[in-house]
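The lines below spell out each chain.
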There are 2 protein chains.
Amino acid sequence: MELHLDRSLKTPLYLQIRNQIRQLILANELSPGFRLPPERKFASTLGVNRTTIVNAYHELEADGLIQSHVGKGTIVSSSLSSTDRFFDHLSGIEDNYGLLPTPVQPMSWQNFYSRQSERMYNPVLASILTEIGEEDQISFALGSPAGEYFPLEEFSQIGQQVISSGNWQAFEYGPTMGHYPLREYIATWLAQRGIHTQAERVMILSGSQQGLDLLAKVFLEPGDYIVMEEPSFLGAIGVFKAAGARILTVPMDQEGLRTDLLEQILARHRPKFIYTLPTFQNPSGHKMSLSRRQELLRLAYQYHIPIVEDDPYSELYYEGKLSPSLKSLDEHEHVIYLGTFSKILFPGLRLGWCVAPPSVLEHLTLAKQHVDLHTSTTTQWMMTEFCQQGLLDQHLIKVRNHYRIQRDTMVSALTKLAPSGLTWSVPEGGYYLWCELPPGMKAATLLTKAAEKKITFVPGNAFFINPGGTDRIRLCFSRHPEATILEGIRRLCEAITEILIQPRPKDKTNRPLFNNPLV
Amino acid sequence: MELHLDRSLKTPLYLQIRNQIRQLILANELSPGFRLPPERKFASTLGVNRTTIVNAYHELEADGLIQSHVGKGTIVSSSLSSTDRFFDHLSGIEDNYGLLPTPVQPMSWQNFYSRQSERMYNPVLASILTEIGEEDQISFALGSPAGEYFPLEEFSQIGQQVISSGNWQAFEYGPTMGHYPLREYIATWLAQRGIHTQAERVMILSGSQQGLDLLAKVFLEPGDYIVMEEPSFLGAIGVFKAAGARILTVPMDQEGLRTDLLEQILARHRPKFIYTLPTFQNPSGHKMSLSRRQELLRLAYQYHIPIVEDDPYSELYYEGKLSPSLKSLDEHEHVIYLGTFSKILFPGLRLGWCVAPPSVLEHLTLAKQHVDLHTSTTTQWMMTEFCQQGLLDQHLIKVRNHYRIQRDTMVSALTKLAPSGLTWSVPEGGYYLWCELPPGMKAATLLTKAAEKKITFVPGNAFFINPGGTDRIRLCFSRHPEATILEGIRRLCEAITEILIQPRPKDKTNRPLFNNPLV
C-alpha cells in the first residue's frame, strides 16, 4: 500500500492518510478482509507519529470502512455502507437504485480539492482584507492610500462625462490587452520616468496582483525555482507558493538586495525569474542603490534570467526624486515591469499594468483571456479620461506632500513614545515603517495585546518565506490622518510597554498566530 | 538521451527536440564531441518524421551548439559560444566576465514558459475579443448584449450618486468575497428564482469567466477528469484544457445533456465535476428538460460528483417563463452555481457571482485573493445601487422583448434567404442560433468567404472538445438592431450561395482555421 504524504499541504497528515486509504478501499484496491499494517509499524514506515495513524484509523472506522479486532488487527470491512453501493454495481452485482430511495450523503468536498488549492492558505492576507470596514479600530496593517485625499470631485465629473457621453462602448466587452488609449497614456507617462516603451508593450491588468498570478501561470511549474529578496510582499509570496515554486531568498541591506549573494544562487539553480521590489520595498522600505541595480541587471544578463520588477511605490518619494527603475536601465529586455494605480490614486478600481517583451505579453494575454477576459472597460475609460486631463500628476504632487507629513508624524510620535528597545527604519518613500520589537518580544504576542487596544499591524513573519521576522512588525503610515496616527502610535507603544512590564509568559511566544487544524 | 515530446503543446515538435537537446548540451549532460543519433534512426526512436529531426538539428547548428560532418555524423560542438561561457565558469574554469564587456544575448523566452501556458492557446476567443471595435463589419460572433439598450441614463445618475456621495470607501480596497450589499441583493433576487440561499453563500466575481478559472485552480490537477456536454462554451473549454483536465464529453439532444449516456462515464472515471449550461445552452440553444435536470441531479448525488451550473442566459427567455435552475432543484448542495451581469445588463463592468457550499466558497476566496484581491469596489457599489433601485428587473423586461424580436428577425430572414441545405435551431431564449451548413460545406471555408463580405460568426469547431462541428456555425442575434441583422443574414446567405455554386475545391476543407506554426 503506497501512500503519498505532503507536509506542505494544509490538510493534516492523518486526514491525508485517511483520504488515501479511503480511496483505495472505495476503488476496491484494498479488498474486504485486507489487513492494514499495525499502527506502530505503519507510523514508522511513513515517518509519522503513532497518534497520526491512530487518528486516521479512527476516522476510517467511523466511516465504516475498516474494523478493529483485538488480536486480529485492523481489517477492511466486508459490508460497505449504502454510500458506496455503486461500487458493488460497478463490479457487476445487480442493484435497484433509483427504485428504492437511497439516502443522499453530504458531499465530501475535502476529497475534491487540488494540491494548489491546499497551498493557497494565506491567513494574513485574508485577515487584512477582512478588516476593511471595521471602523472601531485603527489599522496600520492595510497598505492603502488615504481615502480623505481621493480626488472624488474630479472623478465624479469624469464618471459623469464617460457615462453620459452615451457611448455604450464604455460598457461593452473590450480587448484583453486593455483599452488602447489607456495603454498609450501609460506608455507616454512612463517615458517621463525613463522607461521608453510603446502602447503595444503595455498591458492593462485588474490590479498588479493579477500580474503576479498571470506570471505564475505563464512561467511556473511546481518545483521551479524563483528568487525573491527576503522579507518581501506577502501577496507575491502567496501566489508563487501556491504555484508550487521553490523560493530561493536573498537578504537585503540598506542598499537593497544583496547582489553579492545572488550570483551563486543563479549559477546553481537557474531560477525562472528574480522577483524584486527595488524602490521603497514592501515591507522594509529599502531603496536599491544604483550600483546594485546595475549589478542585478548584469547578473540577469549573464545568467539569462528574467527580472520581475514590482514597482507600486516609486512615485511616492518624499526626499530627493524618482529612482531609475530597473526597467529604465534595462537595455536587453530582461525586465518584466509591473505598475499599479492602487497606491498612487485609489485601489478600488483594480487597475494595474505590465510592460514586457512581446513574447511575454502574448503569453500573459492568452492567460488573461481565461482569467477574466479583460479588465473592466468602464473603469479603464474613466481612468483614461482622468489621466488625460493631467489629474494624475496633480494628484501625485498633493499626496507626496501629505504622505511625507504622515511619515514624519509617525516617526516623531515613535521617537517621543517608543519604549526602549523598539527600533524602526525611516524610508525615503512608500508607505511603511519596518520596526524591530524590543529584544525577546514577539509580534504575535503584541498583536493580541494590540487588539485589546483596537490597534493593528502586520506581524513581520508574514513577509518571510523562511521562518523569521517574528520580532518585526510593519506599520503603514499612508492611510490615516495625523491625529489618528498619533493615537494609534500611542496605543501601540502602550501595548508594547504593558508586555515589557508583564512577567514573561513561559514558552508561549511560538504559538501559531492563527488556528490551523492540529493533529 | 531521453527526450519528452508532448503533442498537446503548441510548441512544434522540432522545437521541443531542439530545446531539450540544447538544455542537455548547456547543462553539460551532452559533452563536446558527443555524437547525436543519425536523423533517420532518431526519428524512428521518437516516432516523428525525419524532417522534424532535420529541422531540430538545423536549429542547433545555427545556434553553434552542434556540427555536422560528412562521414562523422552530428556532434556536439567543442567550442561553445560566448553566450554559454558561464557554464565553463561553473565547471571551474577561470573566466574574467565583468572585466571584458560580454555581448548580451537576447532572452530565449520560449525556454521559460510553463506547460500550462502552452495549453492556453485559444485563437478563437482571442479573435472574438480583438474584433471588438472593428466598425466596418457585422459580427454575429461576439455573444454580447445590444449596446443600444444599455440603460446609460439611469446608470449615469447612479454613478453620479455613488461617486459624488463623497464616500471614499467606494474607491477603497474591499473584501475578497465582494461588497456585502450586492451579495445580499443577489441572494434575494435568486430567491425569486427558486434558489434559496443567503448573502454569505454568494461570492462576487470579476465576471463568471473568473469563476471558471477559480474552479479550475481549486479543483483540478493535470490529468483529472471532468464532464462537459458537447458542444459547449469555448471559454470553459479553454480554461479546463489549460488546467490540464481530461474532458469527457456527453452529447445533447433537444432535451439537453443525454443523461442516459452520463452514468457509465461517472461510474468509470469519477470526474472532479460535471460542467453544464442547462438553460439556452451556448452554442446549441438547448434547454434541458425538467426530467433530465432531475436525472442529472440524481446521478450527481448517487456518484457524489459536484455539478458546475453555468447560467448566464436563463433570464433571457422569449417563450413561456423561467426554467428552474439545477441549483434551485438541488437539495443536497452538490451544485456550484455561476451567474453574471454580462449578458443581462452589460459586460464592461465585469461582474458575476457564484453560489456554492461554504467549504467551496472558502477555497474560491483563498484563490481569488491571489488572483485579483477582490473585484472592483467602484463597479460593485454602482451595480448595487442600480439593482436596489429596481432597475435591473425593469431592464430585463425591456431586453427580453427586444431580443425576442431580434431572434425572430434573424429567423425570418434566414427562412426567406437561406440557400437550400442550411438549417438552424430556434431557441426559446438566450443569444444564439446554432446552424448546420449545407452538406459538404465547412465553416472554415465560409468564414473566409464571409470575411470578404464583412460578416463574421464563430465556426462550430470552436465549441467542440473532440474534433467536430466543422459543419456548424453559431450566430448571435442579440447584439445588433434589426436592420443590421437583416443585412448580415443577407451577406451570409450570399456567401453560402457563392460557395455552393463554386466548383468544389479539392481537399482544402480541412486546412486549419488559424495560422499555427507548422513543422
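If you check an unreviewed UniProt entry, chain A appears there as PLP-dependent aminotransferase family protein from Desulfosporosinus fructosivorans. Among the UniProt annotations of chain A, the heading Cofactor (unreviewed entry) holds the following wording: "pyridoxal 5'-phosphate".

**Details of the environment of threonine 11 of chain A**
All names here are of chain A. If you trace the backbone, threonine 11 turns up in the segment before helix H1 (13-26). Residues threonine 11 and glutamine 110 lie 99 residues apart in sequence; the distance between their C-alpha atoms is 8.9 Å. With residues near it in sequence (within four places) discarded, threonine 11 still touches Gln16, Gln110 and Glu118.

**Some remarks on the relation of the copies chain A and chain B**
Once turned by 180 degrees and shifted 0.1 Å along the axis, chain A lies on chain B with an RMSD of 0.2 Å. In short, the pair behaves as if placed about a two-fold rotation axis. Same-surface contact between copies: 100% of interface residues of chain A are shared with the interface of chain B.

**Quick word on helix H2 (residues 39-46) of chain A**
Residues and elements named next belong to chain A. Among the residues of H2, Phe42, Ala43 and Leu46 are the ones counted as buried. The buried residues of H2 occupy one face: seen down the axis, they fall within an arc of 105 degrees. Away from the buried face of H2 by more than 90 degrees, exposed residues Arg40, Lys41, Ser44 and Thr45 are located.

**Things to note about the side chain of serine 284 of chain B**
All names here are of chain B. In this fold, serine 284 is placed in the loop between strand E9 (274-276) and helix H12 (290-303). Reaching out from serine 284, the side chain makes a polar contact with the backbone nitrogen of histidine 286 at a distance of 3.2 Å. Apart from residues lying up to four places away in sequence, serine 284 is in contact with Met252, Ser425 and Trp434.

**Some points on the confidence of the model for chain A**
Residue and element names in this part refer to chain A. Of the residues in chain A, 89% have a pLDDT of 70 or more, and the chain-wide mean is 88. Contacts for the low-pLDDT stretch residues 81-100, under 50 throughout, to residues beyond four places or in other chains number 22 contacts. Here residues 508-519 is a poorly scored stretch, pLDDT under 50, and it has 20 contacts once near neighbours within four places are set aside; other chains count.

**Notes on the pairing of strand E7 (residues 246-253) of chain A**
Two faces make up the sheet, and in a regular strand the side chains alternate between them. Residue and element names in this part refer to chain A. As judged from the 6 bridges shared by strand E6 (residues 225-230) and E7, these two strands associate in the parallel manner. Across the sheet, the residue bridging to isoleucine 226 is isoleucine 247, located in E7. Running through helix H10 (residues 234-242), the crossover from E6 to the neighbouring parallel element E7 is right-handed. Where E7 meets strand E8 (residues 256-257), 2 bridges bridge the pair, whose relative direction is antiparallel.

Calculation criteria
Residues numbered from 1 in each chain as written. Chains lettered and ligands numbered in written order. Predicted model: local features only at pLDDT ≥ 70, side-chain atom pairs only at ≥ 80, totals over all residues. Heavy atoms only, no water. UniProt positions renumbered as here; feature names shortened; annotations may be inferred. Helix = DSSP H or I, 4+ residues; strand = E, 2+ residues; numbered from the N terminus. Contact = heavy atoms within 4.5 Å. Least-squares fit on C-alpha atoms with pLDDT ≥ 70 in both. Buried < 20%, exposed > 50% of the residue type's maximum accessible area, 1.4 Å probe, protein only. Arc of directions from axis to C-beta. Polar contact = N/O pair within 3.5 Å; in protein donor to acceptor, adjacent residues only side chain to side chain. pLDDT = per-residue confidence, 0-100. Pairing = 2+ DSSP bridges. Right-handed = clockwise from strand over helix to strand, strands pointing away.

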